[in-house]
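Each chain is listed here by its residues.
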Amino acid sequence: MLVFSIGLAFAQSDVPVLKGDALPLATATGLSAYRLAAGDVITIRVLGEDELSKEKIRLTDAGTVPYPALGEVKVLGLTLGDLERIITSGLKGRYLVNPKVSVHIEEYRPFYINGMVDKPGGYPFQPGLTVRKAASLAGGFKERASLQKIFIIRDGDPQQRSQRAELNTPVMPGDIVTVEESFF
């Protein structure tokens, strides 16, 4: 069960405005709700089994990782806990009696920021990233930047809808942030 904090409001133009708490925060157990996707780099460790541990594996464009004894494992959209359970169940019995598997993220896929910032482009994601922090990584807002005209296209949105954002709106890996120009 995911714990969501919905922070969607509507401006006069009926464009949704993402508030500072508009993304899933964590599962009910307090574990990360972060979903793996192409470009993430992960490390898989199996306690006491170095030959089954894999360092810095980049997810393919199809969202898979090669893993000894299990072959190509589809991890797209899984949480770290989901992947740990899949690998544990794949190794249990055939290869190990009671495998202890841990998975962690070495490198998140980047986010992108463009428009009225000093250095637009792609930047490494950091947990806790907001629009304000993303703009700081990109050299700050330009003088003509409109802080009321900031939009985000979420990575997982199949319609690629541009949603209005505020300075404290969370930015996730793969998101595209656009800061528009102020005309007065």
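That block above? That's the structure.
Residues numbered from 1 in each chain as written. Predicted model: local features only at pLDDT ≥ 70, side-chain atom pairs only at ≥ 80, totals over all residues. Heavy atoms only, no water.

1. Points about the pattern of salt bridges
Stage number 1. In total, this model carries nine salt bridges according to the counting rule given.
Stage number 2. Glu107 is paired through a salt bridge with Arg58; the nearest N and O atoms lie 3.2 Å apart. One end of the pair, Glu107, is in strand β9 (residues 101-107); the other, Arg58, is in strand β6 (residues 54-58), and 49 residues separate them in sequence.
Stage number 3. The class for Arg58 is partly exposed, based on a relative accessible area of 46%.
Stage number 4. One salt bridge in this structure joins Asp82 and Arg85, with 2.7 Å as the shortest N-O distance. One end of the pair is Asp82 and the other is Arg85, both in helix α1 (residues 80-91) and three residues apart, which spans about a single turn.
Stage number 5. Owing to a relative accessible area of 21%, Asp82 belongs among the partly exposed residues under this scheme.
Stage number 6. One connected set of salt bridges, linked through shared partners, spans Arg35, Asp82 and Arg85. (Salt bridge = Lys/Arg side-chain N within 4 Å of Asp/Glu carboxyl O. Helix = DSSP H or I, 4+ residues; strand = E, 2+ residues; numbered from the N terminus. Buried < 20%, exposed > 50% of the residue type's maximum accessible area, 1.4 Å probe, protein only.)

2. Notes on the pairing of strand β14 (residues 176-181)
Stage number 1. Direction of pairing for strand β10 (residues 111-115) relative to β14: parallel, over a ladder of four bridges. Each bridged residue has a counterpart across the sheet, and for Tyr112 the counterpart in β14 is Ile176.
Stage number 2. Relative to β14, strand β12 (residues 145-153) runs antiparallel, the two being bridged by five bridges. Each residue of the ladder has a partner; that of Ile150, found in β14, is Val179. (Pairing = 2+ DSSP bridges.)

3. Considering the environment of Glu72
Stage number 1. With respect to the helices, strands and loops of the structure, Glu72 is situated in strand β8 (residues 71-74).
Stage number 2. Apart from residues no more than four positions distant in its own chain, Glu72 is found in contact with Thr60, Thr64, Val65 and Pro66.
Stage number 3. At 2.6 Å, the side chain of Glu72 and the side chain of Thr64 are in polar contact. (Contact = heavy atoms within 4.5 Å. Polar contact = N/O pair within 3.5 Å; in protein donor to acceptor, adjacent residues only side chain to side chain.)

4. Some details on the packing of aromatic side chains
Stage number 1. By the definition in use, this model includes three aromatic pairs.
Stage number 2. Through successive ring pairs, a cluster of aromatic residues spans Tyr34, Tyr108 and Phe125. (Phe/Tyr/Trp six-rings, centres within 6.5 Å; stacked < 30°, edge-to-face > 60°.)

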